[in-house]
Amino acid sequence: MAKKNLKRKINGRQISIVIVLCILAVYSIFQLVDLQKIIYPYPHRTIIEKYASQYGVDPLLVLAVIREESKFLPQSESHKGAVGLMQLMPSTAQSIAQSVGDKGYSDEYLLDPEKNIQYGTWYLASLKKLFSNNQTLVIAAYNGGRGHVQEWIESGQIDPNNIQQQDIPFKETRDYVQRVFKSYQKYIKLYRT
């Protein structure tokens with residue numbers, strides 16, 4: 001009986017050691033920068049950095065927005081009609097085109113990665129200015145609309161000086177902000193040197 005108990009203890013320890021080693025191996029694999037860069041790629045880098053620099057927006061924030069909006073698929077279209085990499089509504093894009101001096105705007109511009117990134121980055125910059133560089137409010141407004149965010153501030157639903165993600169009234173927008181910031185932190189870790 002004592003021999004059986006000893007054998008069980010040894011087998012249990014061996015299984016525990018194998019499990020711990022497997023967990024460590026999987027953890028190590030996911031810590032490899034190259035593997036993480038597959039999960040968090042940086043396509044359209046030149047275009048993103050060009051417009052981020054031009055409009056004063058962190059390119060890695062633009063990248064995080066693109067990842068969460070379209071998963072880098074330039075032909076993406078939402079059920080609400082938002083189009084392209086940064087999921088812009090055609091009416092918003094038309095207004096942006098006028099602001100940046102693009103004459104002859106066409107909705108086809110939204111399928112062009114360069115134009116979509118230019119307009120989306122310009123829009124982020126305008127939100128950044130409107131909300132005094134408060135990134136939580138900027139990303140909430142990008143998803144939920146600037147009007148809603150302004151309404152939440154005016155009605156006292158959120159305090160712009162002490163905004164917490166959990167304070168955002170719309171669950172969809174709250175979840176979106178959380179996803180963008182998670183991606184943003186990953187991009188900072190992987191690409192900021």
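Our structure's up above, just so we're on the same page.
Summary of the structure given here. (Residues numbered from 1 in each chain as written. Predicted model: local features only at pLDDT ≥ 70, side-chain atom pairs only at ≥ 80, totals over all residues. Heavy atoms only, no water.)

1. Some points on the overall build of the protein chain
Stage number 1. Check the secondary structure of the protein chain and you find 9 helices and 0 strands.
Stage number 2. The helix and strand sequence of the protein chain, counted from the amino end, reads α-α-α-α-α-α-α-α-α.
Stage number 3. Evaluated residue by residue, the protein chain yields a buried proportion of 38% over its 193 residues.
Stage number 4. When the accessible surface of the protein chain is totalled, it reaches about 11500 Å², and 55% of it is carbon and sulfur. (Helix = DSSP H or I, 4+ residues; strand = E, 2+ residues; numbered from the N terminus. Buried < 20%, exposed > 50% of the residue type's maximum accessible area, 1.4 Å probe, protein only. Areas by Shrake-Rupley, 256 points an atom, 1.4 Å probe, with all protein chains shown as cover.)

2. As for the nonpolar core
One recurring pattern in soluble globular proteins: nonpolar side chains tend to sit buried together.
Stage number 1. Ranked by size, the top nonpolar core spans 50 residues in total, and within it Leu-124, Ile-139 and Tyr-142 carry the most contacts.
Stage number 2. Breaking this core down by element, the ones donating at least two residues are helix H3 (45-55), helix H4 (59-70), helix H5 (90-100), helix H6 (113-130), helix H7 (135-144), helix H8 (146-154) and helix H9 (171-191).
Stage number 3. The contact partners of Tyr-142, leaving out residues within four places of it in the chain, are Val-65, Glu-69, Met-86, Leu-88, Gly-120, Tyr-123, Leu-124, Leu-127 and Tyr-176. (Core = buried A, V, L, I, M, F, W, Y, C linked by side-chain atoms within 4.5 Å. Contact = heavy atoms within 4.5 Å.)

3. As for the side chain of Thr-173
Stage number 1. Mapping Thr-173 onto the fold places it in helix H9.
Stage number 2. When its relative accessible area of 2% is taken as the criterion, Thr-173 is described as buried.

4. So, unusual backbone geometry
Stage number 1. Its identity is not glycine, yet Phe-72 carries a phi of approximately 70°, on the positive side.
Stage number 2. Topologically, Phe-72 is positioned in the loop between H4 and H5.
Stage number 3. Looking at Phe-72, the relative accessible area reads 14%, which means it is buried.
Stage number 4. Of note in this structure, Asn-133 is not a glycine but carries a positive phi near 65°.
Stage number 5. Within the element layout of this structure, Asn-133 appears in the loop between H6 and H7.
Stage number 6. Since its relative accessible area comes to 47%, Asn-133 is described here as partly exposed.

5. Some points on the pattern of salt bridges
Opposite charge on two side chains makes pairing possible when the charged atoms of those side chains draw close.
Stage number 1. Applying the stated criterion across every chain yields a total of 8 salt bridges.
Stage number 2. The salt bridge partner of Glu-49 is Arg-45, with a shortest N-O separation of 3.0 Å. Residue Glu-49 and its partner Arg-45 are both found in helix H3; the two are separated by 4 residues, about one turn of the helix.
Stage number 3. Three or more residues joined by partner-sharing salt bridges are found here, namely Arg-67, Glu-68, Lys-71 and Arg-179. (Salt bridge = Lys/Arg side-chain N within 4 Å of Asp/Glu carboxyl O.)

6. Some remarks on H4
Stage number 1. Between its first and last C-alpha atoms H4 spans 16 Å; for 12 residues at 1.5 Å apiece the expected length is 16 Å, and the two agree.
Stage number 2. Taken across its 12 residues, H4 has 11 buried, putting it largely inside the fold.
Stage number 3. Within the sequence span of H4, burial applies to Leu-60, Leu-61, Val-62, Leu-63, Ala-64, Val-65, Ile-66, Arg-67, Glu-68, Glu-69 and Ser-70.
Stage number 4. Next to the buried residues of H4 lie helix H2 (33-39), H3, H6, H7 and H9.
Stage number 5. Of the residues flanking the end of H4, it is Lys-71, one or two places downstream, whose phi is positive at about 55°. (Expected span 1.5 Å × (residues − 1).)

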